[in-house]
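What follows is each chain in one-letter form.
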Amino acid sequence: MPDYALLADQMKALVQDEPHFLPSLSNASALLYESLPDLNWAGFYLSITGKDELLLGPFQGKTACIRIPYGKGVCGTSAAQDKVQRVPDVHLFPGHIACDSASASEIVIPLHNTRGEVIGVLDIDSPVKNRFSEEDEAGLTAFARVLEQFCHLTRI
Ligand code: SME
């Protein structure tokens with residue numbers, strides 16, 4: 001089990017003096033990818049185009065699809081419902097978007113701006129089925145709260 005409190009502290013140290021979300025989300029994806037075992041993708045989709053869609057943001061892993069409409073796939077569902085999606089087997093999720101055929105399970109956490117509106121999602125994929133536990137969900141949700149607190153997540 002990763003030390004999520006330590007991970008949140010490491011993230012705080014990386015973001016607290018840097019208001020722009022671009023370097024902070026880039027470092028966040030690198031930190032998650034190198035700290036958590038059994039991942040094949042970790043990164044962000046952002047709701048910054050002014051349309052009901054998510055745009056590919058900073059990430060680690062294989063090249064990924066660029067735009068995801070709200071309501072589509074795991075990420076679009078999480079953004080549209082403002083709800084964490086913890087998917088033990090992506091092949092059983094209706095409309096799952098397979099960017100990397102190695103992905104077997106996935107967790108997606110919505111991110112909010114200071115008004116509480118969804119401004120994007122944190123998306124993490126694993127080649128292992130049922131990779132993400134309730135503890136992972138709690139730890140990653142706390143990690144997302146650090147990003148919300150310190151990054152200026154706004155439309156650009
Ligand atoms: N699987 C996601 C698409 C993004 S990739 O996993 C990087 C989805 O269904 O929304």
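Note that the structure is predicted; figures quoted are calculated from it, not measured. (Residues numbered from 1 in each chain as written. Predicted model: local features only at pLDDT ≥ 70, side-chain atom pairs only at ≥ 80, totals over all residues. Heavy atoms only, no water.)

Engineer: Mind showing me how you'd approach the site of the ligand here?
Structural biologist: Residues in contact with the ligand amount to 13 residues; listed here are only the nearest, Val74, Cys75, Ile97, Glu106 and Asp125. Here a nitrogen atom of the ligand and a side-chain polar atom of His96 are 3.3 Å apart. Across the complex, the protein chains shield 99% of the 310 Å² of accessible surface that the ligand would expose by itself. Those elements that place two or more of their residues in the shell around the ligand are strand 1 (41–46), helix 3 (73–81) and strand 6 (118–126). When grouped by side-chain class, the residues that make up the shell around the ligand number 8 nonpolar, 2 polar and 3 charged. (Near = heavy atom within 4 Å. Polar contact = N/O pair within 3.5 Å; in protein donor to acceptor, adjacent residues only side chain to side chain. Areas by Shrake-Rupley, 256 points an atom, 1.4 Å probe, with all protein chains shown as cover. Helix = DSSP H or I, 4+ residues; strand = E, 2+ residues; numbered from the N terminus. Nonpolar A, V, L, I, M, F, W, Y, C, P; charged D, E, K, R; others polar.)

Engineer: Explain the pattern of salt bridges here, please?
Structural biologist: In total, this model carries 7 salt bridges according to the counting rule given. With its nearest N and O atoms 2.6 Å apart, the salt bridge here joins Arg67 to Glu53. In this pair, Arg67 is assigned in strand 3 (residues 67–69) and Glu53 in strand 2 (residues 53–61), connecting sequence segments 14 residues apart. We classify Glu53 as buried; its relative accessible area is 11%. (Salt bridge = Lys/Arg side-chain N within 4 Å of Asp/Glu carboxyl O. Buried < 20%, exposed > 50% of the residue type's maximum accessible area, 1.4 Å probe, protein only.)

All we've got here are geometric facts, nothing functional implied.
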